[in-house]
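A look at the structure
Here are the chains, one letter per residue:
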Amino acid sequence: QVRLVESGGGLVQPGGSLRLSCTTSGVNFKINTLAWYRQGPGKERELVANVTGGGSTNYANSVKGRFAISRDYPRNTAFLQMNRLEREDTDVYYCHTRDYGRDWWGQGTQVTVSS
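Here's a quick rundown of the structure. The residue count restarts for each chain, going from 1 along the sequence in the order it is written. Residue-level local features of this predicted model are given only where pLDDT is at least 70; pairs of side-chain atoms are given and counted only at 80 or more, and the full residue set underlies all totals for whole chains, interfaces and linings. In computing side-chain values, all of the structure's heavy atoms are included and hydrogens and water are not.

Things to note about the nonpolar core
Counted only if it meets this: Buried residues of nine kinds, namely Ala, Val, Leu, Ile, Met, Phe, Trp, Tyr and Cys, make up a nonpolar core once their side-chain atoms join them within 4.5 Å. Here's how the labels work: a residue is buried when its accessible area is under 20% of the maximum for its type, exposed when over 50%, partly exposed in between, all with a 1.4 Å probe on protein chains only. Per the convention used, a helix needs a DSSP run of H or I reaching at least four residues, while a strand needs a run of E reaching at least two, with both numbered from the N terminus. Whether two residues are in contact is decided by their heavy atoms: any pair within 4.5 Å suffices.
If you look at the biggest cluster of nonpolar residues, it comprises 27 residues, and the most contacted ones within it are Trp36, Val48, Phe67, Leu80, Met82 and Tyr93. Put simply, the parts of the chain that give this core at least two residues each are strand S3 (18–25), strand S4 (34–39), strand S5 (46–51), strand S7 (67–72), strand S8 (77–82), strand S9 (91–99) and strand S11 (109–113). Once residues lying within four places of it in the same chain are set aside, the contact partners of Phe67 are Arg38, Val48, Tyr59, Leu80, Gln81, Met82, Asn83, Leu85, Asp89 and Tyr93.

In structure tokens form, the structure reads like this:
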């Protein structure tokens, strides 16, 4: 059974940091690309960052230099370290991978940046 479970969201002040985790099961974690997306009310879901099975990374321009994606192979877990958070980063963040010919999503974790 495929599962992607996000955690680590919450309320943080502008300039603060959060670390999101995505624990996976039932997928080919070692070779799949893992990605983080985000979506706010009335907005389309957008790619934040992804990391390939080989460790290559890609970031949205809006988060370059502030966010870092990584993966822990023994734990089948991907991370998104978010630093210097801005109010505009407030969204629900989703973990994603593609396997067995389809897309898989986690349930999402809310990130709220507010003073």
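Observations concerning the pairing of S5
Each regular strand carries side chains that alternate between the two faces of the sheet. The cut-off we apply is this: DSSP-based pairing: two strands are paired if at least 2 bridges between them are found.
Summarising the sheet, S4 and S5 pair through five bridges and their orientation is antiparallel. In the sheet register, Tyr37 faces S5, and the bridge partner there is Leu47. In sequence, S4 turns back onto S5 through a hairpin of six residues, with Gly42 there showing a positive phi of about 75°. Sheet topology note: the S5/strand S6 (residues 57–59) ladder contains three bridges and is antiparallel. Within S6, the residue paired with Asn50 across the bridge is Asn58. A loop of five residues connects S5 with S6, the two strands running antiparallel in sequence, and Gly55 in this loop sits at a positive phi of about 100°.

A look at the state of the cysteines
Convention followed: In what follows, a disulfide is any cysteine sulfur pair within 2.5 Å.
Evaluation of the coordinates by the stated rule reveals one disulfide. In this model Cys22 forms its disulfide with Cys95; the gap between the sulfur atoms is 2.0 Å. Around the S-S axis, the bridge from Cys22 to Cys95 shows a dihedral of about -80° and counts as left-handed. On the criterion of sequence distance, the pair formed by Cys22 in strand S3 and Cys95 in strand S9 is long-range, its members being 73 residues apart. By the burial criterion, Cys22 is buried, and Cys95 matches it.

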